[in-house]
Amino acid sequence: MVRLVIYLMLSIFTGAASFFIENSTVVNMTAGFAVGMLIPVVEEIGKNWKQIRHIWYSLRYRNRSIRVSTAYLFRILIDGKYLLIRGSRYSNQFQPVGGVHKVSLQGSTALASMGVTGDDLIPVDAESDGDIRVRVPGRRLVEFFNWFNSRDGREDSPWREFQEELIAGGVLPSSVFPHIMHNYIRREVDRIRYSPYADSLEILVADIYELVPNRDQEDALRQLALNGHPDIQWVTAQQIRRRGATPGQPQSVEIADHSRRLL
């Protein structure tokens, strides 16, 4: 995308320059020099586009409170099917293994200095205490994301939710999963939107990880799929896109919307 923009700029600049300068060599040298100077600028803008968006939000909504919720999700894919687990708060839905990032005491101090407050949409209990599900003053939005991207004072591993939901919950044997390997896939930062559910402006952030099981772990996952479990569903990409619906069949499972982030 960045290269395309550069090529377009080069074509436009060359065309404009040739209108005023008859010497084609001078035109090409001038255009090449100008675009060469712009390449690092355009590439830097491309790399930091999301933060530029947040700068705009901080100006436009500087006097508003913005709800920000950050989470990590596990893509667990075996034989073409994705593992989803029953939701703890919405037991009729199945969703990816994962949860909201936690903040440390150090991180809480940093957030308090920005005027960030807790979110009251979900009651704070032992499970949700320390979640990065917060209300950020609009004018401090860039500062918040700089802090979040630094990983300083916040959870930076997906192991906790994997262990709590699959190991401690008895879904998978701890002897086979004393530790895991995973790949970091990407981060999705949604555009700001008004959420009727939260009755506020909202930005959702999700880090996507992919489990990389060893041979024994693959066998255990296949055994889980074979035996079945009341809190686990193995679904196809099409089922995720359709929120659990299968053409020509009664819908037997409801899939949470954010499961699409696994695809």
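Residues numbered from 1 in each chain as written. Predicted model: local features only at pLDDT ≥ 70, side-chain atom pairs only at ≥ 80, totals over all residues. Heavy atoms only, no water.

Colleague: What's the story with the overall build of the protein chain in this structure? I'm lost.
Modeller: Each helix and strand counted, the protein chain has eight helices and twelve strands in total. In the protein chain, which comprises 263 residues, the share counted as buried stands at 41%. Of all intrachain contacts in the protein chain linking residues separated by at least 6 positions in sequence, the fraction that spans at least 24 positions is 71%. (Helix = DSSP H or I, 4+ residues; strand = E, 2+ residues; numbered from the N terminus. Buried < 20%, exposed > 50% of the residue type's maximum accessible area, 1.4 Å probe, protein only. Contact = heavy atoms within 4.5 Å.)

Colleague: Explain a nonpolar patch on the surface here, please?
Modeller: Judged by side-chain polarity, Ile52, Ile55, Trp56 and Leu59 come together as a nonpolar surface patch covering roughly 380 Å² of accessible area. Here Ile55 is to be found in helix H3 (residues 49-60). (Patch = residues over 30% accessible without salt bridge, like charges linked within 9 Å, V, L, I, M, F, W, Y side chains within 5 Å. Areas by Shrake-Rupley, 256 points an atom, 1.4 Å probe, with all protein chains shown as cover. Salt bridge = Lys/Arg side-chain N within 4 Å of Asp/Glu carboxyl O.)

Colleague: Help me out: how do you make sense of helix H7 (residues 215-227) in this one?
Modeller: Each full turn of the α-helix corresponds to 3.6 residues, which orients residues three or four apart in the same direction. Between its terminal C-alpha atoms H7 stretches 18 Å, which fits the 18 Å expected from 13 residues at 1.5 Å a residue. By the burial criterion, the buried members of H7 are Gln217, Ala220, Leu221 and Leu224. Down the axis of H7, the buried set is contained in an arc of 95°. They therefore lie on one face. Exposed residues lying more than 90 degrees from the buried face of H7 are Arg215, Asp216 and Leu226. For H7, the elements touching its buried residues are strand E2 (77-78), strand E3 (81-86), strand E10 (200-211) and strand E11 (232-235). (Expected span 1.5 Å × (residues − 1). Arc of directions from axis to C-beta.)

Colleague: Mind showing me how you'd approach the side chain of Glu155 here?
Modeller: Tracing the sequence through the fold places Glu155 in the loop between helix H5 (141-150) and helix H6 (159-167). By relative accessible area, which is 14% here, Glu155 ends up buried. Within the structure, Glu155 has its side chain in polar contact with the side chain of Tyr72 (distance 3.3 Å). Engagement of the side chain of Glu155 in a polar contact is seen with the side chain of Arg160, the distance being 2.7 Å. Ignoring sequence-local partners within four residues, the contact set of Glu155 consists of Tyr72, Val100, His101, Lys102 and Arg160. (Polar contact = N/O pair within 3.5 Å; in protein donor to acceptor, adjacent residues only side chain to side chain.)

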